[in-house]
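Chain by chain, the residues:
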Amino acid sequence: RVIVVEEEVYGCAEVLALARSAAESACHVDLALVGLERTPPVEEPPVLRDFSVEADEPVTVIGYPAGLPVKVDSGARVVDPRPSRGDSFTLSSDTFAVSSGSGVFDRTGALVGVFARGRRDYDTDGDCQRVHREPEPDAAGYEEAAPIAVVRRLLTAVEQRERRETFELFPGGS
């Protein structure tokens, strides 16, 4: 049984910045920075890594999906860093629906990305939903994460007080 007390729930006070790729763009950015209604008790924020991820690099995804209190996948790995695109990298991870926004960390604990989207999570069996299991761990259809460089661009825009509803970080990207 999980007990959530009101003091541990933080609401969104405002959307500080929102980045969306143009609909016709090959890039896949859909990310927002939000301001909370009050400051949470954070002892030390994560370090934002200064360089890109590499193929086969081990990473850890930490999130709060599908109503779970916390889910940690320390066995994830980068599949394709997609350096020529810069909008996202693909990873093989064991995540669930509503994991968007989860942190993706390297071996040192530095934040390397923000989880964005994944593959099918559940199969329907009559009136029941069952967890989908891939027949092979490296089956096609990897998850995607926004690299920390995208987050840095949004942070910079907010710090410079550029208050626009949407930032086109990759206009006309292909």
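Details of the structure are given in the entry above.
Now for a look at the structure at hand.

Conventions and cut-offs
Position numbers for residues start from 1 in each chain and track the written sequence from start to end. Where totals are concerned, whole chains, interfaces and linings use all residues; where local detail is concerned, this predicted model gives features only for residues with pLDDT of at least 70, and gives and counts side-chain atom pairs only at 80 or more. Values shown for side chains rest on all heavy atoms present in the structure; no hydrogens or waters enter the calculation. Salt bridges are identified by distance alone: a Lys or Arg side-chain nitrogen within 4 Å of an Asp or Glu carboxyl oxygen. The buried label goes to any residue with under 20% of its type's maximum accessible area, the exposed label to any with over 50%, and the partly exposed label to all in between, with areas taken from a 1.4 Å probe on protein chains only. Secondary structure follows DSSP: runs of H or I at least 4 residues long count as helices, runs of E at least 2 residues long count as strands, and numbering of each begins at the N terminus. Pairing between strands is defined by DSSP: at least two bridges between them are needed. Only the contacting stretch of a helix is used when fitting its axis, a line to C-alpha atoms as for every element, and angles between N-to-C directions run 0 to 180 degrees. Throughout, a contact is declared for two residues whenever any of their heavy atoms are within 4.5 Å. In this analysis, rings of Phe, Tyr and Trp, with Trp reduced to its six-membered ring, are considered paired at centre separations within 6.5 Å, and the interplanar angle assigns stacked below 30 degrees, edge-to-face beyond 60, and tilted for intermediate values. In this analysis the charged atom, NZ for Lys or CZ for Arg, is taken to sit over a ring once it is within 6 Å of the ring centre and within 35 degrees of the ring normal. For patch detection, residues must exceed 30% relative accessible area and be free of salt bridges, and they are connected within 9 Å for like charges or within 5 Å for nonpolar side chains (Val, Leu, Ile, Met, Phe, Trp, Tyr). Each accessible area is a Shrake-Rupley result for a 1.4 Å probe, and residues are judged covered by the shown protein chains and nothing else. The distinction between a cavity and a pocket rests on a 1 Å grid over the protein atoms alone: a 1.4 Å probe fits inside a cavity but cannot get out, while a pocket stays open yet meets protein on both sides within 12 Å along at least five of seven lines, and a residue with an atom within 4 Å of a point counts as lining. Grid points are joined across faces, edges and corners, and a volume is the space filled by probe spheres set on the points. Side-chain classes follow a simple rule in which Ala, Val, Leu, Ile, Met, Phe, Trp, Tyr, Cys and Pro form the nonpolar group, Asp, Glu, Lys and Arg form the charged group, and the remainder, Gly included, forms the polar group.

### What to know about the pattern of salt bridges
Reasoning step 1: Considering all chains together, one arrives at eight salt bridges under this definition.
Reasoning step 2: The salt bridge involving E57 is made with R49; its shortest N-O contact spans 2.6 Å. Like R49, E57 is buried.
Reasoning step 3: Linking D106 and R49 is a salt bridge whose minimum nitrogen-to-oxygen distance equals 3.1 Å. Linking D106 in the loop between β6 (103-105) and β7 (111-117) with R49 in the loop between β2 (30-36) and β3 (58-63), this pair joins segments that are 57 residues apart in sequence. R49 carries the same exposure label as D106, and that label is buried.
Reasoning step 4: The structure contains a network of salt bridges with shared partners spanning R49, E57 and D106.

### Thoughts on the sheet that holds β7
Reasoning step 1: The strand order around the closed barrel built from six strands is β3-β4-β5-β10-β7-β6, with neighbouring strands paired in antiparallel fashion. Each strand of the sheet is rotated relative to its neighbour by a mean of 45°, with strand direction disregarded.
Reasoning step 2: Along the sheet, helix α1 (residues 148-159) contacts β7 and β10 (143-147); its crossing angle with β10, the most-contacted strand, is approximately 45°.

### Side note on the packing of aromatic side chains
Both the distance between ring centres and the angle between the ring planes are used here to describe each pair of aromatic rings.
Reasoning step 1: Enumeration according to the criterion identifies zero aromatic pairs in this entry.
Reasoning step 2: We note R38 situated over the ring of Y10; from NZ or CZ to the ring centre the distance is 4.3 Å.

### Some details on a nonpolar patch on the surface
Reasoning step 1: A cluster of nonpolar side chains, I62, Y64, V70 and V72, forms an exposed patch at the surface whose accessible area comes to about 370 Å².
Reasoning step 2: Secondary-structure assignment places V72 in strand β4 (residues 71-80).
Reasoning step 3: You can call V72 partly exposed: its relative accessible area is 47%.

### Some details on unusual backbone geometry
Reasoning step 1: With a phi angle near 70°, D56 is a residue other than glycine that sits in the positive phi range.
Reasoning step 2: The topology assignment puts D56 in the loop between β2 and β3.
Reasoning step 3: On the basis of relative accessible area, D56 is assigned to the exposed category, the value being 54%.

### Focus: the environment of A149
Reasoning step 1: Within the fold, A149 resides in helix α1.
Reasoning step 2: A149 gets classed as partly exposed once you look at its relative accessible area, which sits at 41%.
Reasoning step 3: When the C-alpha positions of A149 and F51 are compared, they lie 8.4 Å apart, and in sequence the two are 98 residues distant.

### Points about empty space enclosed by the protein
Empty space among the atoms becomes visible once a probe the size of a water molecule is rolled across them.
Reasoning step 1: One pass over the structure, following the stated rule, counts two cavities of 30 Å³ or more.
Reasoning step 2: There is about 40 Å³ of room inside the largest cavity.
Reasoning step 3: If you trace the largest cavity, you find it lined by V61, I62, G63, P65, K71, D73, D94, T95, S99 and S102.
Reasoning step 4: Going through the elements one at a time, β3 and β4 are the ones with two or more residues in the lining of the largest cavity.
Reasoning step 5: The element that contributes the greatest number of residues to the lining of the largest cavity is β3, accounting for three residues.
Reasoning step 6: Classifying every residue of the lining of the largest cavity gives three nonpolar, four polar and three charged.

### As for the layout of surface pockets
Reasoning step 1: Of the volumes computed, that of the largest pocket is approximately 930 Å³.
Reasoning step 2: Looking at the largest pocket, it is lined by 22 residues, and the ones nearest its centre are V34, L36, P40, V42 and P46.
Reasoning step 3: Where the lining of the largest pocket is concerned, the elements lending two or more residues are β2, β6, β7 and α1.
Reasoning step 4: Take the lining of the largest pocket: its biggest share by element is five residues, from β2.
Reasoning step 5: Within the lining of the largest pocket, the residues separate by chemical class into 18 nonpolar, four polar and no charged.

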